[in-house]
Amino acid sequence: LQEDFSILKVSLVALQNSFPVGKLEKFLRKDVNEEYLLGDKTLLKYNKILDIVTSVSERSCCFTKAYGQYFEGTGSVLQQCGDLDAAYARIQPLENEDNEILETLASLKLRLFTGLEIAKLLGFPASFDFPEESSRKQQYRTLGNSLNVNVVAILVHFLILS
């Protein structure tokens, strides 16, 4: 039994050294176009339940195959600018003032992660790419509920050696 744990320990060290960890900025693309910004309907309907992260966050929620279609529990959205706490403090007392709520939330530039950003978070190699003809929805479905490939590799390695 002790031998098995030593294999796991070596595997965990290899895992820690094999892929980047830390802030989300390491995984983000700089050239994301505005089609990934959340729309007005989404901002108004789901602003109270979104999991909002920034480029300096060190975590995100699990991305499901419904990411981009549904917004409750399907993955994080990225805040690109502004002060989140101030924005929510400003909109909290507003009830039926949709234009002011939208203006405040739009200032945060909340957007979806791209398929390639999610792939990077899941440990796919830098050379990974989707076929040109794949839609955003197809990319999210492909990656949805995936596991980090580096973690899976270490677990498979451990299972084979034990």
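Anything mentioned here points back to the structure above.
Throughout what follows, the structure given in this document is the object of discussion.

### Remarks on the packing of helix H3 (residues 84-91) against helix H4 (residues 98-106)
Here is step 1: Packing of H3 against H4 brings their axes to within 9 Å, and their N-to-C directions diverge by 175 degrees. The angle between H3 and H4 places the two elements in the roughly antiparallel class. Of the residues in H4, those in contact with Ala87, Tyr88, Arg90 and Ile91 of H3 are Glu100, Ile101, Thr104 and Leu105.
Here is step 2: Here the contact of H3 with H4 is composed, by residue class, of 5 nonpolar, 1 polar and 2 charged.

### As for the pattern of salt bridges
Here is step 1: For the coordinates displayed, the defined rule picks out 5 salt bridges.
Here is step 2: One salt bridge connects Asp31 with Arg29, and the closest N-O pair in it is separated by 3.2 Å.
Here is step 3: Looking at Asp31, the relative accessible area reads 55%, which means it is exposed.
Here is step 4: For Arg29, a relative accessible area of 32% gives the class partly exposed.
Here is step 5: In this structure, the salt-bridge partner of Arg90 is Glu100, at a minimum N-O distance of 3.4 Å. With Arg90 in helix H3 and Glu100 in helix H4, this residue pair connects regions lying 10 residues apart in the sequence.
Here is step 6: Since its relative accessible area comes to 39%, Arg90 is described here as partly exposed.

About the thresholds
Residues numbered from 1 in each chain as written. Predicted model: local features only at pLDDT ≥ 70, side-chain atom pairs only at ≥ 80, totals over all residues. Heavy atoms only, no water. Axes fitted to C-alpha atoms, helices over the stretch in contact; angles between N-to-C directions. Helix = DSSP H or I, 4+ residues; strand = E, 2+ residues; numbered from the N terminus. Parallel < 35°, antiparallel > 145°, perpendicular 65-115°, else oblique. Contact = heavy atoms within 4.5 Å. Nonpolar A, V, L, I, M, F, W, Y, C, P; charged D, E, K, R; others polar. Salt bridge = Lys/Arg side-chain N within 4 Å of Asp/Glu carboxyl O. Buried < 20%, exposed > 50% of the residue type's maximum accessible area, 1.4 Å probe, protein only.

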